[in-house]
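# Coordinates in review
Letter by letter, the chains look like this.
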Amino acid sequence: MTILSRLLAGSALALCAVAAASSAQARDLTVVSWGGAYQDAQKEVYFEPFMKESGIKMLDESWDGGIGVLRAKVEGGASTWDVVQVESDELALGCEEGLFEVMDFAKIGGKDAYMKEAVNECGVGAIVYDFVLGYDKDKLSDAPTGWADFFDTKKYPGKRALRAGPKTTLEIALIADGVKPSDVYKVLATEEGVDRAFKKLDSIKSDLVFWKAGAQPPQLLASGEVVMTSVYNGRIDAANHNDGRHFGIVWDGSLFTIDSWVILAGSENTADAYKFLDYVGKPEVEARLPAKIAYGVPAKGANALIDPARLKDLPTADENLANAQEISTPFWLENIDRLTERFNKWAAVN
């Protein structure tokens, strides 16, 4: 081998070594959330301050949900996602399938640092949001006080809207019929309880309008098409603050759910992922979020740091949680197909 060829061979080996070292470098921590105004708020109060204070580089992406997306990421073996915000159904299914790391709460303040409903084997709560009774204060001088009023068409004549499906709709019907929110899933677990819910819905069927997308209930109220509706609490808050509406919320008997942070199984950034979760789970950090968007936060101690004028608009205010019920993920995973079929048949009959 000539001197020139040896030099060329050495250069090629050096280039290969550099390339190999570069590919071996860990990629930046990637956090995935829901996009839109919510993720804009997260960037401002979570992501950017975390990078500044920790020195850890991170990317944020958005998704539209779906357990199949997470399966493909993990089982494909080349996922570029580390921390993902998921809904309760995805949390339960993904945990059962081994798609998420088992959560080490010792690294994020301990289980006692969060409301009990936010603690899961595979995840930790990120936000709390509610299905509530919404109405227009400008059109109803005598404010409703609960779901029983929703079903009282004599006292409150006019159309009212519910979600187009059995989930939340059957619970609301039973609460209106006198079932305590804490007992609603015991009753729904029986055929008699399901019959009771549909019978209650029958009582106002001719006055019901059904919505499918979360943006619809405030539009129905604003147009005067309905006098009351089930609705996400954040949609009412946004209509009031962004559109100048005077919509009211009845929290009594509301149904809440929690979105959670998970770490995807096999993540190469678990150490940084835990640093991120520890940071965004601190009460003083979580307390910044509700000023931007009307979600409750699950860290104990956060409420004390939120402006009382803002806290009253959140699902996690003590008085708003007092008679609220968490939507049962196990119940709906087991019964959603059967009850959706029954609901669709019921809705199709005039």
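Up top is the structure.
What counts and how
Residues numbered from 1 in each chain as written. Predicted model: local features only at pLDDT ≥ 70, side-chain atom pairs only at ≥ 80, totals over all residues. Heavy atoms only, no water. Buried < 20%, exposed > 50% of the residue type's maximum accessible area, 1.4 Å probe, protein only. Helix = DSSP H or I, 4+ residues; strand = E, 2+ residues; numbered from the N terminus. Pairing = 2+ DSSP bridges. Arc of directions from axis to C-beta. Contact = heavy atoms within 4.5 Å. Salt bridge = Lys/Arg side-chain N within 4 Å of Asp/Glu carboxyl O. Axes fitted to C-alpha atoms, helices over the stretch in contact; angles between N-to-C directions. Parallel < 35°, antiparallel > 145°, perpendicular 65-115°, else oblique. Nonpolar A, V, L, I, M, F, W, Y, C, P; charged D, E, K, R; others polar. Polar contact = N/O pair within 3.5 Å; in protein donor to acceptor, adjacent residues only side chain to side chain. Disulfide = S-S within 2.5 Å.

## Let's talk about the pairing of strand β9 (residues 247-263)
- In terms of residue burial, β9 counts as a mostly covered element, since 15 of its 17 residues are buried.
- Across four bridges, strand β3 (residues 83-86) lies against β9 in antiparallel orientation. Considered in β9, the bridge of V86 is made with S260.
- As judged from the two bridges shared by β9 and strand β10 (residues 325-326), these two strands associate in the parallel manner. Bridging from a neighbouring strand, F256 pairs with E326 of β10.

## Re helix α9 (residues 216-223)
- Within the span of α9, buried status applies to P217, P218, L220 and L221. Taken down its axis, α9 places every buried residue within 160° of arc, on the same side.
- For α9, the elements touching its buried residues are β5 (123-136), β6 (160-163), β7 (208-211), β8 (228-232), α10 (233-243) and β9.
- One or two positions beyond α9, positive phi appears at G224, with a value near 80°.

## A few points about the pattern of salt bridges
- The full count for this structure, using the stated rule, is 20 salt bridges.
- One salt bridge in this structure joins K116 and E117, with 3.1 Å as the shortest N-O distance.
- For the salt bridge of D177 with R196, the shortest nitrogen-to-oxygen distance reads 2.7 Å. Taken as a pair, D177 in the loop between α6 (169-176) and α7 (184-188) and R196 in helix α8 (residues 191-202) lie far apart in primary sequence, 19 residues in all.
- The exposure class of D177 is partly exposed, given its relative accessible area of 30%.

## Some remarks on the packing of α6 against α8
- One way to put it is that α6 packs onto α8 with a least axis distance of 8 Å and a crossing angle of 80°. Relative to α8, the element α6 is oriented roughly perpendicular. Across the interface between the two elements, T169, L170, A173, L174 and A176 of α6 pack against G193, R196, A197, F198, K200 and L201 of α8.
- Tallied by class, residues from the contact of α6 with α8 come to seven nonpolar, two polar and two charged.

## Some remarks on the environment of R27
- Considering the arrangement of structural elements, one finds R27 in the loop between α1 (3-24) and β1 (29-33).
- Filtering out sequence-adjacent residues up to four positions away, R27 remains in contact with S79, T80, W81, D82, E268 and N269.
- Side-chain polar atoms of R27 contact the backbone oxygen of S79, separated by 3.4 Å.

## A look at the side chain of S260
- In this fold, S260 is placed in strand β9.
- Among the residues examined, S260 registers a relative accessible area of 4% and is labelled buried.
- Setting aside anything within four residues of it in sequence, one finds S260 in contact with V84, Q85, V86, L91, V124, G125 and A126.

## With respect to the state of the cysteines
- Applying the stated rule across the entire model yields one disulfide.
- Paired by a disulfide, C95 and C122 hold their sulfur atoms 2.0 Å apart. Judged by the sign of its S-S torsion, about 60°, the cystine formed by C95 and C122 is right-handed. With C95 in helix α4 (residues 88-96) and C122 in the loop between β4 (119-120) and β5, the pair connects residues that are 27 residues apart, well separated along the chain.
- The buried category is assigned to C95, whose relative accessible area is 19%.

## Some details on the environment of A265
- Within the secondary structure layout, A265 lies in the loop between β9 and α11 (270-280).
- Residue classification places A265 among the partly exposed positions, given a relative accessible area of 25%.
- Discounting chain neighbours no more than four positions away, the residues touching A265 are V74, G98, L99, F100 and E101.

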